[in-house]
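# Chains, contacts and geometry: an overview
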Amino acid sequence: MIGIILWAIVIIVIAFGTTPEAIPFLLFVGLPVFVGVYFLVDWLRDFFTSSPYERSYPHTPTTSNPERERLIDEWEKKWGRKHPTRINK
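One structure accompanies this document, and this report is about it.

Rules and cut-offs
Residues numbered from 1 in each chain as written. Predicted model: local features only at pLDDT ≥ 70, side-chain atom pairs only at ≥ 80, totals over all residues. Heavy atoms only, no water. Helix = DSSP H or I, 4+ residues; strand = E, 2+ residues; numbered from the N terminus. Buried < 20%, exposed > 50% of the residue type's maximum accessible area, 1.4 Å probe, protein only. Areas by Shrake-Rupley, 256 points an atom, 1.4 Å probe, with all protein chains shown as cover. Salt bridge = Lys/Arg side-chain N within 4 Å of Asp/Glu carboxyl O. Contact = heavy atoms within 4.5 Å. 1 Å grid on protein atoms, 1.4 Å probe; cavity = no way out; pocket = protein on both sides within 12 Å on 5 of 7 lines; lining within 4 Å. Points joined across faces, edges and corners; volume = space filled by probe spheres on them.

Turning our attention to the overall build of the chain. Along the backbone of the chain there are four helices and zero strands. In the chain, the succession of α and β elements from N to C terminus is α-α-α-α. For the chain, with 89 residues in total, the buried portion stands at 6%. Accessible surface, the chain as shown: approximately 8,000 Å² in total, 72% of it carbon and sulfur.

What follows is about the pattern of salt bridges. Counted by the stated rule, this structure contains four salt bridges. Salt-bridge contacts for Asp46 lead to Arg45; the nearest nitrogen and oxygen are separated by 3.8 Å. On the basis of relative accessible area, Arg45 is assigned to the partly exposed category, the value being 47%. When the shortest N-O distance is used, the salt bridge between Glu67 and Arg70 registers 2.5 Å. Of the two residues, Glu67 and Arg70 both sit in helix α4 (residues 66-79), three residues apart, roughly one turn of that helix. Members of the salt-bridge network, linked through shared partners, are Asp42, Arg45 and Asp46.

Moving on, we come to the side chain of Glu76. Among the structural elements, Glu76 can be located in helix α4. Given the relative accessible area of 15%, Glu76 is considered buried. The residues touching Glu76, leaving out its near neighbours within four places in the chain, are Arg81, Lys82, His83 and Arg86.

Considering only enclosed or pocket space, the largest pocket measures out at about 270 Å³ in volume. Considering the residues around the largest pocket, the lining is formed by Ile9, Val10, Val13, Phe16, Phe25, Leu26, Val29, Gly30, Val33, Phe34 and Val37. For the lining of the largest pocket, the secondary-structure elements that each account for two or more residues are α1 (2-17) and α2 (22-49). A per-element tally of the lining of the largest pocket places α2 first, with seven residues.

Written out as structure tokens, the structure reads:
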């Protein structure tokens, strides 16, 4: 059912886009709507596929980076305390 609706929308846009009056309309209205829908779908996909912890702390890496770990170790030695990213570990 969704496929039929999407095909109908594509056919209408193509038919509408062949008229000279539609070119500015599609450029100034259609493009921002398309970009907005794209970002909305991307945000929803990230929201539903990520964990609540990742949403609360987006700066926390999910993979380990040896160079980053070495730099954090040096920072901890220099300042004599735990790095803020390692407080909960």
